[in-house]
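Here is how the chains run, residue by residue.
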Amino acid sequence: MSVNTTAFEIRAARCHIDDRAGFLNLLTETARRFNTHIICFNADMIAGRRHAESAMRHAIRSFEAGTSISKTIEMEALLYAAGSRQCSVAASFGFHEGENCLWVCCYPPEGGVWEGLAATLQFEPACTWDQTDDEKRGRLLRIFEISPEELCSLDNEDRIADLVLERVALLDVIR
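Residues numbered from 1 in each chain as written. Predicted model: local features only at pLDDT ≥ 70, side-chain atom pairs only at ≥ 80, totals over all residues. Heavy atoms only, no water.

J.: Looking at this structure, I do not really get the packing of aromatic side chains. What am I missing?
T.: Centre distance and the angle of the planes are the two values used to describe a pair of aromatic rings. A complete count under the given rule lists three aromatic pairs for this structure. With a centroid separation of 4.7 Å and 75° between ring planes, the pair formed by Phe23 and Phe95 is classed as edge-to-face. Pair noted here: Phe23 is in helix H1 (residues 20-34) and Phe95 is in the loop between helix H4 (87-91) and strand S3 (98-107), with a separation of 72 residues, a long-range link. The pair Phe23 / Phe95 is uniform in exposure class, with both members buried. On the basis of an interplanar angle of 70° and a centroid distance of 5.9 Å, the ring pair of Phe93 and Phe144 is categorised as edge-to-face. Here the residue Phe93 occupies a position in the loop between H4 and S3, and Phe144 occupies one in the loop between helix H6 (134-143) and helix H7 (148-153), the gap between them amounting to 51 residues. (Phe/Tyr/Trp six-rings, centres within 6.5 Å; stacked < 30°, edge-to-face > 60°. Helix = DSSP H or I, 4+ residues; strand = E, 2+ residues; numbered from the N terminus. Buried < 20%, exposed > 50% of the residue type's maximum accessible area, 1.4 Å probe, protein only.)

J.: Even after reading the chapter, I still don't get the layout of surface pockets, so can you show me in this structure?
T.: Empty space left among the atoms is revealed by rolling a probe the size of a water molecule over them. Computed from the structure, the largest pocket encloses a volume of approximately 350 Å³. The wall of the largest pocket is formed by 16 residues, among which Leu24, Ile38, Glu74, Leu78 and Phe95 lie closest to the centre. Of all the elements in the fold, those that place two or more residues in the lining of the largest pocket are H1, strand S2 (37-42) and helix H3 (73-82). For the lining of the largest pocket, the element with the most residues is H1, which contributes six residues. Residues that form the lining of the largest pocket fall into these classes: ten nonpolar, three polar and three charged. (1 Å grid on protein atoms, 1.4 Å probe; cavity = no way out; pocket = protein on both sides within 12 Å on 5 of 7 lines; lining within 4 Å. Points joined across faces, edges and corners; volume = space filled by probe spheres on them. Nonpolar A, V, L, I, M, F, W, Y, C, P; charged D, E, K, R; others polar.)

J.: Would you mind showing me how to read the side chain of Thr30 here?
T.: If you trace the backbone, Thr30 turns up in helix H1. The exposure class of Thr30 is buried, given its relative accessible area of 2%. Residues in contact with Thr30, not counting those within four places in the same chain, are Ile38, Val113 and Leu117. (Contact = heavy atoms within 4.5 Å.)

J.: Before we go on, may I ask you to explain the pattern of salt bridges in this structure?
T.: If the charged atoms of two oppositely charged side chains come close together, the side chains can form a pair. Under the counting rule described, the total for this entry stands at seven salt bridges. One salt bridge connects Arg14 with Glu124, and the closest N-O pair in it is separated by 3.0 Å. Of the two residues, Arg14 is situated in strand S1 (residues 9-17) and Glu124 in the loop between strand S4 (122-123) and H6; the sequence distance between them amounts to 110 residues. What makes Arg14 partly exposed here is its relative accessible area of 35%. With a relative accessible area of 19%, Glu124 lands in the buried category. A salt bridge links Arg50 to Asp162; its shortest N-O distance comes to 2.7 Å. Of this pair, Arg50 sits in helix H2 (residues 49-65) while Asp162 sits in helix H8 (residues 160-173), and the two are 112 residues apart along the sequence. We classify Arg50 as partly exposed; its relative accessible area is 43%. Salt bridges sharing common partners tie together Arg50, Arg159 and Asp162. (Salt bridge = Lys/Arg side-chain N within 4 Å of Asp/Glu carboxyl O.)

Structural data, given as structure tokens:
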């Protein structure tokens with residue numbers, strides 16, 4: 001079953017979070033007001049927009065098929081982003097206290113959501129979070145347990161995102 005990427009919208013944003021619970025309440029209330037879901041992925045843990053899109057497609061598909069691991073689409077998307085069945089692991093793929101670079105997803109897309117979040121989030125129309133510097137590269141290799149042999153199999157080390165996307169897809173297999 002294929003999930004159309006127009007079923008959700010993703011934007012890049014920055015914000016400072018002093019209170020995680022307060023920020024979560026803001027997201028929950030905004031989502032409820034617009035009858036949608038808001039999922040925030042920590043861009044430092046995500047191998048670019050394609051990774052966030054893949055996690056969303058898999059989460060939506062699992063909910064539509066009735067095979068989800070979690071009770072909410074938000075946690076399901078974070079589980080897929082992490083390529084893990086463990087909520088404690090997936091939580092680190094969401095927002096945190098302090099400065100955040102986020103991929104913010106709205107499912108289904110509702111235009112008013114972005115205006116509702118604009119007071120808290122600074123949207124980045126042209127971000128560079130798809131690029132992987134040495135620090136992020138090392139973090140992705142550790143998190144997703146990418147071996148030196150797998151790296152050698154790549155024709156270009158910039159394709160680490162492809163290996164990460166394989167991990168996301170493997171979550172369906174290890175259910």
